[in-house]
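Residues per chain are reported as follows:
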Amino acid sequence: MSLVNIAGLHKHFGTNHVLKGIDLAVEEGDVIALIGRSGSGKSTLLRTINGLESIDKGELVVDGTAVHDGKGDLRALRQKVGMVFQQFNLFPHLTAGQNVMLAPTVVKKTAKREAEDIAKEVLLKVGLSDKFDSYPDQLSGGQQQRVAIARALAMRPKVLLCDEITSALDPELVNEVLAVVQQLAAEGMTLIMVTHEMRFARDVGNKLIFIHHGRIHESGDPKTILTNPETPELANFTRAVM
Amino acid sequence: MAYQFDFAPVFENADLLLQGAAATLGLTAAGAVPGIALGIAGAICRAWRIQPFAALFGVYVEAIRNTPFLVQLFFIFFGLPSLGVKLSGWEASILAMVINLGAYSTEIVRAGIEATPRGQLEAAASLALSRAQTFLYVVLRPALARVWPALVSQVIIVMLGSAVCSQIAAEELTFAANFIQSRNFRAFETFFVATAAYFVLALLVRQALMRFGQRVVVGRPR
Ligand SMILES: Nc1ncnc2c1ncn2[C@@H]1O[C@H](COP(=O)(O)OP(=O)(O)O)[C@@H](O)[C@H]1O
Ligand SMILES: [Mg+2]
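Residues numbered from 1 in each chain as written. Chains lettered and ligands numbered in written order. Predicted model: local features only at pLDDT ≥ 70, side-chain atom pairs only at ≥ 80, totals over all residues. Heavy atoms only, no water.

Side note on the pairing of strand 9 (residues 207-212) of chain A
All names here are of chain A.
Then, in step 1: Counted residue by residue, strand 9 has five buried out of six residues, so it is predominantly covered.
Then, in step 2: Bridge analysis of strand 3 (residues 31-35) against strand 9 gives four bridges, and the strand direction is parallel. Among the inter-strand pairings, leucine 34 is bridged to a residue of strand 9, identified as isoleucine 209.
Then, in step 3: Where strand 9 and strand 10 (residues 215-220) come together, five bridges link them in antiparallel fashion. For leucine 208, the partnering residue across the bridge sits in strand 10 and is glycine 220.
Then, in step 4: Here strand 9 folds back onto strand 10, and the loop between the two strands holds two residues, one of which, histidine 213, carries a positive phi near 50 degrees. (Buried < 20%, exposed > 50% of the residue type's maximum accessible area, 1.4 Å probe, protein only. Helix = DSSP H or I, 4+ residues; strand = E, 2+ residues; numbered from the N terminus. Pairing = 2+ DSSP bridges.)

Below, the structure written as structure tokens:
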């Protein structure tokens, strides 16, 4: 069974029919890039996977647990699904280390000493072991985003959702964050990322999904469909962004 | 003949003024700590619409914000004994200050909570924090830090407002000043000194509370 299974998923915001029947299966170790125009529903789709958005119709199963049947324990689910946001969303009153330690200590009741070890390990992984005691406003955007990745990793998620995590960064800071994601992918982390970095999607992703008007308009091997798009919409889109 | 200023009769009673100032400070501390705690509780109920407390706090806030402090004080001191609740001047003063500050700080703290960026709540939810954990570890400190200057101002307002507690024989600074001028008939000099004393007290309390806020609430001493 797939790690994430989405079938016939529909989502409305009022009268705005945003997701119009999404079917998607994500296997362990997949690195999936979601692309598409602004407003096409990429973020909404990503946010339904950890229950930040509700759904109106369809099925969404993560690691054997139905997310939206009303019975499922959202908090248990969210321990398996990490998320990294465009705007970092670090907690400003906590140091990098405290940001990372918060969820393990509070949610998983991990002992402080052990949580500290975890925090050191994940901060080392994102190349910031020397920033343990720095506050977010003392870090660059790229560093803040790497702390946010470390914070998600500290919960040992089975899948990591990334919503345009380099879009708020100055261009010279994009690569340090992408390098971290690339390393995670190489280590076998399951990733679902909304991105406008087409080269990254092509080189690191093993599946590319083009969302158009709330539907999966085209999907497949990144190199193949970016070089030879089947639909004129994807061809137009890649011409516009590459 | 022009009025001859003479401050000596005032300073002869410096001990009374100092006692009064200390009492004013004491009243303020005794009113501020529970008052702000009440405000935090009210703000949580209001911000998260925890019924029926949200509605009760709503009525309470409007009742206090739209009536004079002196009347609130008289109600507690002169009115409550009819219901069998007899309080001393001090007790009534502290209770009135707690109730008054509680209402205003409910609204101040609520504004701080509601200004929490949505991304903070989404980040906390994504990390599987519960609502209570989110409030305690993510929302509260930044919210208090955001509105701390407004809370401090409100505490100062309540401290200055405590002057009317002299009306129910709480022997604070204004009571002392009144007592002194009734004996030496130096109203101008006495109230001039009392005014200056309030001014200095207000500056000191503001300074101290802002420092406390920087250290404890913001948590990053500068
Ligand atoms: N919380 C919301 N309330 C109402 N409409 C929303 C909300 N979030 C997104 N939308 C709408 O849903 C559509 C898809 O948005 P989104 O998923 O953010 O697109 P994308 O991430 O592809 O740019 C847009 O029309 C957007 O305005
Ligand atoms: Mg988006």
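The structure having been displayed, the exposition proceeds.
Thoughts on the packing of helix 3 (residues 96-106) of chain A against helix 4 (residues 112-125) of chain A
Residue and element names in this part refer to chain A.
Then, in step 1: Interhelical geometry of helix 3 versus helix 4 gives an angle of 130 degrees and a closest axis separation of 9 Å. The pairing of helix 3 with helix 4 is recorded here as oblique in orientation. Considering how the two elements wind past one another, helix 3 and helix 4 form a crossing that is right-handed. Across the interface between the two elements, Gly97, Val100, Met101, Pro104 and Thr105 from helix 3 touch Lys112, Ala115, Glu116, Ala119, Val122 and Leu123 from helix 4.
Then, in step 2: Of the residues assigned to the contact of helix 3 with helix 4, the class counts are seven nonpolar, two polar and two charged. (Axes fitted to C-alpha atoms, helices over the stretch in contact; angles between N-to-C directions. Parallel < 35°, antiparallel > 145°, perpendicular 65-115°, else oblique. Left-handed = near helix turned anticlockwise from the far one by under 90°. Contact = heavy atoms within 4.5 Å. Nonpolar A, V, L, I, M, F, W, Y, C, P; charged D, E, K, R; others polar.)

A short note on the side chain of glutamate 172 of chain B
Residues and elements named next belong to chain B.
Then, in step 1: Relative to the elements of secondary structure, glutamate 172 occurs in the loop between helix 7 (131-161) and helix 8 (173-184).
Then, in step 2: Buried charge without a partner: glutamate 172 forms no salt bridge, and the closest opposite charge is arginine 183, 16 Å away.
Then, in step 3: A polar side-chain atom of glutamate 172 sits 2.9 Å from the main-chain amide nitrogen of phenylalanine 175.
Then, in step 4: Residues contacting glutamate 172, with those up to four places away along its chain left out, are Gly20, Ala23, Thr24, Leu27, Trp90, Ser162, Ala163, Cys165, Ser166 and Tyr198. (Lys, Arg positive; Asp, Glu negative; His and termini not counted. Salt bridge = Lys/Arg side-chain N within 4 Å of Asp/Glu carboxyl O. Polar contact = N/O pair within 3.5 Å; in protein donor to acceptor, adjacent residues only side chain to side chain.)

Concerning helix 1 (residues 42-49) of chain A
Residues and elements named next belong to chain A.
Then, in step 1: Within helix 1, seven of the eight residues are buried, leaving the element largely enclosed by the surrounding structure.
Then, in step 2: Among all positions of helix 1, only Lys42, Thr44, Leu45, Leu46, Arg47, Thr48 and Ile49 are buried.
Then, in step 3: One or two residues past the end of helix 1 sits glycine 51, with phi positive at roughly 75 degrees.

Digging into unusual backbone geometry
All names here are of chain B.
Then, in step 1: In this chain, glutamine 51 is followed by proline 52 through a cis amide linkage whose omega measures 5 degrees.
Then, in step 2: Within the secondary structure layout, proline 52 lies in the loop between helix 2 (14-47) and helix 3 (53-65).
Then, in step 3: Even without being glycine, arginine 49 reaches a positive phi, approximately 50 degrees.
Then, in step 4: By the element assignment, arginine 49 lies in the loop between helix 2 and helix 3.

Some details on the sheet that holds strand 2 (residues 16-26) of chain A
Residues and elements named next belong to chain A.
Then, in step 1: Read from one edge to the other, the open sheet built from four strands follows the order 2-1-4-5, with strand pairing classed as antiparallel. Lying at the two open borders of the sheet, with one neighbouring strand each, are strand 2 and strand 5 (65-66).
Then, in step 2: When strand 1 (residues 4-13) meets strand 2, the two strands line up antiparallel, connected through eight bridges. The partner of asparagine 5 across the bridge, within strand 2, is alanine 25.

Let's talk about the interface of chain A and chain B
Then, in step 1: Counting residues at the interface gives 24 residues for chain A, matched by 19 residues for chain B.
Then, in step 2: For the pairing of chain A and chain B, the buried interface totals around 1,900 Å² over both sides, and the portion due to carbon and sulfur atoms is 58%.
Then, in step 3: Among the residues of chain A in contact with chain B, Arg75, Phe91 and His93 of chain A are the three that bury the most area, contributing 29% of the side total.
Then, in step 4: In this assembly, chain A and chain B are joined by one salt bridge.
Then, in step 5: Residues glutamate 122 of chain B and arginine 47 of chain A are paired through a salt bridge, measuring 2.8 Å at the closest nitrogen-oxygen approach.
Then, in step 6: Our count for the chain A to chain B interface comes out at nine residue pairs in polar contact (both at pLDDT 80 or more).
Then, in step 7: Counting only elements with at least two residues in the side of chain A that touches chain B, the list comes to helix 2 (74-78), strand 6 (81-84) and helix 3 of chain A.
Then, in step 8: The leading source of residues in the side of chain A that touches chain B is helix 3 of chain A, at three residues.
Then, in step 9: Looking at the side of chain A that touches chain B, its residues break down into 13 nonpolar, five polar and six charged. (Buried area = accessible area lost by both parts, 1.4 Å probe.)

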